[in-house]
Amino acid sequence: MSKISFFALGGLDERGKNLYCVEVDQDIFVFDAGTKNPERGILGIDVVISNFDYLKENRNRIKGIFITKPSDECSEAVTYILKEVAIPVYGSKLTAHILNFHLQRFKVRGKEELFKVVNPRDVIELGPCKVEVFATTTNMPNSYGYALHTPDGVIIYPGDYMFDAKADPDFAMDMQHLTDIATHNKVLLFLSEASSASRMDYTAPNHKIKSYIERAVKEAQGRLILACFDQDLHKINELFDLVRENNINVGIYGQTLLEALKVINANNQMNLEGINLKTLHDVVDDEKSLIIVTGSGERLYSRLIKIASGNDDILDIKETDTIILATPPNPGSELNHANVLDELARTVAKTIALSDRKIWTMTASYEDIKLMTSILKPQYFIPVKGLYKDFVKAKQAANEAGVPVENIFLCDNGESVNFTNGEFDKVIGKVKTSDLYVDGIGVGDIGAVVLNERKQLATDGVVIIGVSIDAKTKAITSLIDTQMRGVIYIQENNDIFKKMQKVITDIIEKHHKKAIAGEMYDVNEVKNEIRSTVLSFVKLETGKTPIILAIVNEI
């Protein structure tokens with residue numbers, strides 16, 4: 001008998017940033033550690049991750065991080081966690097390779113020994129508990145779910161999942177194994193993903209793209225350019241079937257996908273036989289070839305806009321090209337998706353965009369959740385991965401599958417659901433949670449002041465003032481250099497420019513006279529007065545409140 005608690009540091013009532021923890025007495029088991037894209041208006045931020053102070057404070061109690069698949073929302077935060085905390089990371093060979101690649105890119109060395117490669121049906125003994133690995137069907141090959149065996153029953157976390165009876169072996173869920181786990185053990189808790197619970201059907205076969213692009217591939221007169229996310233390997237696998245039939249050379253634009261295909265090829269997965277993979281530079285000039293453009297989240301869209309606008313160093317759009325945007329927008333990325341379509345429409349190429357009404361993400365729909373719950377027959381059910389509205393739908397599905405309403409919990413990040421001796425105890429607010437903003441390789445050092453200044457720069461611009469004064473006499477020794485960016489278009493004969501020059505000159509001469517009279521001279525006081533006076537002047541003249549940067553050099 002034991003005390004068990006479940007809580008999330010991220011991934012509840014939000015898209016992405018999944019990080020779930022299960023405590024069994026003194027041991028902590030972490031499932032997934034992902035990122036999410038920043039909201040619009042948070043400028044200069046690459047990704048958002050969960051605040052993992054709790055993991056740092058309890059590092060000695062953590063048995064491991066168990067990664068379901070190497071996608072952004074499931075694993076990208078591992079890179080930042082391992083920079084500060086040495087924790088074993090369990091996952092497939094593909095997961096270990098991709099995460100190692102990301103660590104090398106961020107120049108984080110010496111972490112290779114932390115990656116533990118596991119395979120389906122492996123059982124990892126970790127003290128009084130053990131973790132059993134089972135195969136699931138997602139958009140990446142060899143995706144895993146985990147069954148945490150505790151003294152009071154099994155806790156099932158499958159990550160993303162769906163049911164597809166015709167799935168390729170590399171993408172197939174091991175139903176027999178999952179059924180065996182449920183049959184021979186009491187399933188205490190099922191942590192079901194719920195991001196697509198509002199789709200009132202099974203996901204299969206709505207996830208397949210082959211029938212929608214087959215004609216375009218066969219009839220293409222020139223190059224085929226297919227755009228998708230790094231993790232959309234199931235779509236790429238379908239595309240390879242068409243490529244093999246039409247004997248087309250393939251080039252990859254995206255280093256993460258290249259690294260993934262290296263591992264996949266080495267392990268004889270996805271049947272790459274007959275695929276003529278070449279470097280991007282070798283296929284760009286081919287009359288007929290396939291170029292796969294990939295990226296994660298915002299990076300894919302920014303790369304496509306760069307290509308469409310003719311500013312890419314490698315790939316230019318030709319009139320004979322056929323562009324296939326194979327990835328429908330994820331929730332929250334609809335505006336970026338629309339902007340890309342707008343830019344592609346301006347090109348001379350033929351563009352095909354697959355709609356999310358036709359192509360569904362490879363996540364559990366309503367009927368998938370019902371079926372999985374029926375198979376596992378859990379005592380308790382908690383939906384994860386999604387918004388609260390998705391959790392409500394998942395609750396309905398679980399209830400229809402036989403879980404009593406009082407045994408289903410809809411939680412927020414930081415809330416802990418506690419079980420004692422295999423029975424529900426209480427829900428408490430246990431762990432403090434927050435977002436950490438990642439800017440380049442900096443984590444958590446982007447505060448509210450910086451974000452507000454970035455918003456101010458975006459909306460009102462900046463005024464930069466530079467002047468040199470004599471270190472002894474404090475008299476002006478140079479022309480006053482004044483520049484504006486994002487405020488108004490200004491020329492040297494502009495009246496505002498002349499007035500601003502006089503305002504700055506008057507301030508410096510006022511302090512120069514004080515210095516001659518023997519009064520104390522403080523260059524910082526001069527800068528502050530220039531900033532405040534010029535800000536008031538610009539606001540009066542233009543209605544804007546730009547950032548004012550004043551530089552006073554004493555020479």
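Preceding this paragraph is the structure being described.
Nothing here was measured: the structure is a model prediction, and the numbers come from that model.

Procedures and definitions
Residues numbered from 1 in each chain as written. Predicted model: local features only at pLDDT ≥ 70, side-chain atom pairs only at ≥ 80, totals over all residues. Heavy atoms only, no water. Pairing = 2+ DSSP bridges. Helix = DSSP H or I, 4+ residues; strand = E, 2+ residues; numbered from the N terminus. Axes fitted to C-alpha atoms, helices over the stretch in contact; angles between N-to-C directions. Contact = heavy atoms within 4.5 Å. Expected span 1.5 Å × (residues − 1). Buried < 20%, exposed > 50% of the residue type's maximum accessible area, 1.4 Å probe, protein only. 1 Å grid on protein atoms, 1.4 Å probe; cavity = no way out; pocket = protein on both sides within 12 Å on 5 of 7 lines; lining within 4 Å. Points joined across faces, edges and corners; volume = space filled by probe spheres on them. Nonpolar A, V, L, I, M, F, W, Y, C, P; charged D, E, K, R; others polar.

Visitor: I would appreciate a short explanation of the sheet that holds strand 16 (residues 276-278) in the present structure.
Guide: Sheets are built from strands that pair by backbone hydrogen bonding, the pairs being arranged parallel or antiparallel. On the basis of which strands lie adjacent, the open sheet formed by 6 strands has the order 16-15-17-14-18-19 and parallel pairing. The two strands at the open ends of the sheet, each matched to only one other strand, are strand 16 and strand 19 (350-353). Taking the axes of each pair of neighbouring strands and ignoring which way they run, one obtains an average angle of 25 degrees across the sheet. Of the strands in this sheet, strand 15 (249-253), strand 16 and strand 17 (289-295) are in contact with helix 8 (residues 255-266), which crosses strand 15 at around 125 degrees.

Visitor: Looking at this structure, I do not really get helix 4 (residues 93-105). What am I missing?
Guide: Two residues of an α-helix separated by three or four positions point the same way, owing to the 3.6 residues in each turn. Helix length check: helix 4, at 13 residues, gives a terminal C-alpha distance of 18 Å against a target of 18 Å (1.5 Å per residue), a fit within 8%. When we look at burial in helix 4, the residues that qualify are Leu94, Thr95, Ala96, Ile98, Leu99, Asn100, Phe101, His102 and Leu103.

Visitor: Honestly, the pairing of strand 21 (residues 415-420) in this entry has me stumped. Any pointers?
Guide: Successive residues of a regular strand alternate their side chains across the two faces of the sheet. Where strand 1 (residues 3-10) and strand 21 come together, 4 bridges link them in antiparallel fashion. Among the inter-strand pairings, Phe6 is bridged to a residue of strand 21, identified as Val417. Relative to strand 22 (residues 423-429), strand 21 is paired through 6 bridges, and the arrangement is antiparallel. Looking across to strand 22, one finds that Ser416 is bridged to Ile428.

Visitor: Sorry, what's going on with the environment of Leu280 here?
Guide: Mapped onto the fold, Leu280 is located in helix 9 (residues 280-284). A relative accessible area of 10% means that Leu280 is categorised as buried. In this structure, the C-alpha to C-alpha distance between Leu280 and Met200, residues 80 residues apart in sequence, is 41 Å.

Visitor: Would you explain empty space enclosed by the protein in this entry?
Guide: Empty pockets left among the atoms are what a rolling probe the size of a water molecule brings to light. One pass over the full model with this rule turns up 2 cavities of 30 Å³ or more. Counted as a void, the largest cavity has a volume near 100 Å³. Pro70, Ile98, His102, Asp230 and Thr256 are the residues nearest the centre of the largest cavity, which is lined by 15 residues in total. Contributions of two or more residues to the lining of the largest cavity are made by helix 4 and helix 8. Residue composition of the lining of the largest cavity, grouped by class: 5 nonpolar, 5 polar and 5 charged. The volume enclosed by the second largest cavity comes to roughly 30 Å³. Lining of the second largest cavity is provided by Ile225, Leu304, Ile307, Ile317, Ile323 and Leu344.

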